[in-house]
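Understanding the architecture of this molecule
As a plain string of letters, each chain reads:
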2 protein chains.
Amino acid sequence: MISSLPKNFDLSKAVEKDKQLINEYLDKYLELRQPRIIWESMRYTALSSGKRLRAVLALESARVCGGDIKNVLSAACALEMLHAQSLIHDDLPCMDDDDYRRGKPSNHKVYGEATAVLAGDALLAYAPQVIINNTPDSVSKDILFRVLEEFLHVAGPMGIVGGQALDILSENKTIIAQEFDYIIIHKTGKLFKFAMRAGALLSEAPGEKLDVLSNYGEKIGYAFQIADDILDVAGTLQELGKTPGKDCKSGKNTYVSFYGLEKSRQDLENLAQSARKILMDSGLDSPLLVGIAGYIVEKTAK
Amino acid sequence: MISSLPKNFDLSKAVEKDKQLINEYLDKYLELRQPRIIWESMRYTALSSGKRLRAVLALESARVCGGDIKNVLSAACALEMLHAQSLIHDDLPCMDDDDYRRGKPSNHKVYGEATAVLAGDALLAYAPQVIINNTPDSVSKDILFRVLEEFLHVAGPMGIVGGQALDILSENKTIIAQEFDYIIIHKTGKLFKFAMRAGALLSEAPGEKLDVLSNYGEKIGYAFQIADDILDVAGTLQELGKTPGKDCKSGKNTYVSFYGLEKSRQDLENLAQSARKILMDSGLDSPLLVGIAGYIVEKTAK
């Protein structure tokens, strides 16, 4: 049995340097071009405050594999762009109809719906272009193709889009556990998993390490969604940066509405423990990776 | 001076075989998966009636370069998926708000706005995945990267999205000729240009042929938009498959509203002649490529 997770892990402090690096590269990749309004709208969400957790995970995954983070920077930024794209489109009135995101008015509230749809499309097409044009030549073409293919898979109908579609379709409906599982894995889990895989693949990690890190990514992605759903019933607008209780009110299936608060907390704890154990058993337990597993539990504990 | 364009060129007949081939591959690539509603919605627009002109051009470009069309099929289908994506998102109420497309209710009228947004996103991410996963191994990785990068460029903020953004922003506004040019080139021209480039690149055509075919693609893409704008004022719902006079009424800048009907017809004729001349001068004047230049003019002549 694993001992308790690290208490008082200060994620903000631990990821500060990586976050700054990612923001610097995002700022560079998303430099203002014409038509200005589209790039401004892309930047508004992609560069808004946020922990850049997915990107940081990609960098750290490379580090624990002994890789060079320079090889991973463009894929890490592309992942943040993809995340921003899904936030912009999810917030649209015809989707989740959310007015706030990361503590600011959501993209369409600032730029209008048409520009928000286009800015999402723009990020979705531009992100893989950033990977192609900015990954160092030292990375083999075969690996780059694999990373690109996995990225597009996560972005598309077999990834985020599939998850979001089922999520919207099942509002105010009773779904079975298997369907609910599908939503979490596809909307959230696959992005975290890809972050870990991208870092490992671009570092030419052997298959066993890739498997361990994929597995860790899957688990913390799932845990992250449970934590988000717990905060949706327990958090404030200020803490969440988005409207609390919104998912619950809109008839969305959340982990808490599905399994109750107690089981949610227990499952979250178990997942984080399990994620940590996977790392320790394979010697890939860097303080940051272990800390992030702990942080996801910690942030729901009030 | 070039003699008159071929009269009574029957495009439908000339492209029938290629169109069937493309439809067969689109049907295969877009086989129904889960969540079913997303794939149905993607198929609804991507497989709806249409000439598959962009895909046919990609195949024919390969043929005139002495290439194997097997190498181009996935890129040609990806191009049709991208075209379908732009139609779905353009028709949304927050964009051009169009209820009809290709003679049928537009995607969001059948599947709802949320699914239409997601189906567009799905096509956008899935299309380049189709290129990666289905282009034969005999194509060099360097060429495949170039094709992918150009595809994403056309799809994103420096391509279609940029054109559509400026188009929407300039509704009911006076814009200068340079801006209007930007819209046509980015919304329509770049897709036709890419079709020709993909066929040539995937056939390992030398630079001069690539340039000629790019140039031809640019010109007929531009011509195609002028023809579309002429038909918007002259066509019927049945002929157009979409609401006639719609662009004009909604305050959109069209070639006809910008330059008048007479100059529109003249410029269209000149462009088609010029496209044909480029081909003849370089010996790449296949009946189909010459015929398509003629067809674009013919279809506006009543």
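Only a predicted model underlies this, so the values are computations on that prediction, with no experimental measurement involved.

1. Things to note about the relation of the copies chain A and chain B
To go from the first copy of the chain to the second, apply a rotation about an axis and then a shift along the same axis. For the pair chain A and chain B, the best superposition has an RMSD of 0.0 Å and corresponds to a rotation of 180° with a translation of 0.0 Å parallel to the axis. One copy is carried onto the other by what is essentially a two-fold rotation axis. The fraction of interface residues of chain A whose copies in chain B are also interface residues reaches 100%, indicating that both copies meet through the same surface.

2. Digging into the packing of aromatic side chains
What the rule picks out here adds up to 23 aromatic pairs over all chains. Ring centres of B:Phe180 and B:Tyr259 lie 6.4 Å apart, and the angle between their planes is 55°; this geometry places the pair in the tilted category. Here B:Phe180 is found in helix α9 (residues 177-201), whereas its partner B:Tyr259 is found in helix α13 (residues 255-259), with 79 residues between them in sequence. A relative accessible area of 28% places B:Tyr259 in the partly exposed class. Ring-pair connections join several aromatic residues into one group, and the members of that group are A:Phe180, A:Tyr222, A:Tyr255, A:Phe258 and A:Tyr259. Directly above the ring of A:Trp39 sits A:Arg33, whose terminal nitrogen or CZ lies 4.5 Å from the centroid.

3. Looking at the side chain of B:Glu150
All names here are of chain B. Along the chain, the position of Glu-150 falls in helix α7 (residues 141-155). At 2.7 Å, the side chain of Glu-150 forms a polar contact with the side chain of Arg-197. Not counting residues up to four positions away in its chain, the partners in contact with Glu-150 are Phe-194, Arg-197 and Leu-201.

4. Considering the packing of helix α4 (residues 73-91) of chain A against helix α7 (residues 141-155) of chain A
Residue and element names in this part refer to chain A. Put simply, α4 and α7 touch, their axes get as near as 11 Å, and they point 10° apart. Viewed along their axes, α4 and α7 adopt a mutual orientation that is roughly parallel. Contacts between α4 and α7 involve Ala-75, Ala-78, Leu-79 and Leu-82 from the first element and Val-147, Phe-151, Val-154 and Ala-155 from the second. Residue classes in the contact of α4 with α7 are distributed as eight nonpolar, no polar and no charged.

5. Here's the deal with unusual backbone geometry
Residue A:Pro35 follows A:Gln34 across a cis peptide bond; omega there is -10°. Note that A:Pro35 resides in the loop between α1 (11-29) and α2 (36-46). Phi at A:Asp97 takes a positive value of approximately 50°, unusual for a residue other than glycine. Mapped onto the elements, A:Asp97 comes out in the loop between α4 and β1 (100-101). Classification of A:Asp97 as partly exposed rests on a relative accessible area of 37%. Here the phi dihedral of B:Glu204 falls at roughly 55°; this positive angle occurs in a residue that is not glycine. Here B:Glu204 shows up in the loop between α9 and α10 (207-234). Overall, the relative accessible area of 57% leaves B:Glu204 in the exposed class.

6. Quick look at the nonpolar core
If you look at the biggest cluster of nonpolar residues, it comprises 210 residues, and the most contacted ones within it are A:Tyr216 and B:Tyr216. With near-sequence residues (within four places) excluded, A:Tyr216 lies in contact with A:Leu57, A:Met196, A:Ala275, A:Ile278, A:Leu279, A:Leu289, A:Ile292 and A:Ala293.

7. Considering the confidence of the model for chain A
Summary statistics for chain A give a mean pLDDT of 92 and a share of 91% for residues scoring 70 or more. As scored by the predictor, the complex reaches a pTM of 0.94 and an ipTM of 0.94.

8. Comments concerning the pattern of salt bridges
Counted according to the given criterion, the structure contains 36 salt bridges over all chains. The residue A:Lys252 makes a salt bridge to A:Asp96 at a minimum N-O spacing of 3.2 Å. With a gap of 156 residues between them, A:Lys252 in the loop between α12 (246-249) and α13 (255-259) and A:Asp96 in the loop between α4 and β1 connect regions that are remote in the sequence. Side by side, A:Lys252 and A:Asp96 carry an identical accessibility label, which is buried. Its salt-bridge partner being B:Lys263, residue B:Asp267 comes within 2.8 Å of it at the nearest N-O pair. Of this pair, B:Asp267 and B:Lys263 both sit in helix α14 (residues 261-281), four residues apart, roughly one helical turn. On the accessibility criterion, B:Lys263 (37% relative accessible area) is partly exposed.

Cut-offs and rules
- Residues numbered from 1 in each chain as written.
- Chains lettered and ligands numbered in written order.
- Predicted model: local features only at pLDDT ≥ 70, side-chain atom pairs only at ≥ 80, totals over all residues.
- Heavy atoms only, no water.
- Least-squares fit on C-alpha atoms with pLDDT ≥ 70 in both.
- Contact = heavy atoms within 4.5 Å.
- Phe/Tyr/Trp six-rings, centres within 6.5 Å; stacked < 30°, edge-to-face > 60°.
- Helix = DSSP H or I, 4+ residues; strand = E, 2+ residues; numbered from the N terminus.
- Buried < 20%, exposed > 50% of the residue type's maximum accessible area, 1.4 Å probe, protein only.
- Lys NZ or Arg CZ within 6 Å of the ring centre and 35° of its normal.
- Polar contact = N/O pair within 3.5 Å; in protein donor to acceptor, adjacent residues only side chain to side chain.
- Axes fitted to C-alpha atoms, helices over the stretch in contact; angles between N-to-C directions.
- Parallel < 35°, antiparallel > 145°, perpendicular 65-115°, else oblique.
- Nonpolar A, V, L, I, M, F, W, Y, C, P; charged D, E, K, R; others polar.
- Core = buried A, V, L, I, M, F, W, Y, C linked by side-chain atoms within 4.5 Å.
- pLDDT = per-residue confidence, 0-100.
- Salt bridge = Lys/Arg side-chain N within 4 Å of Asp/Glu carboxyl O.

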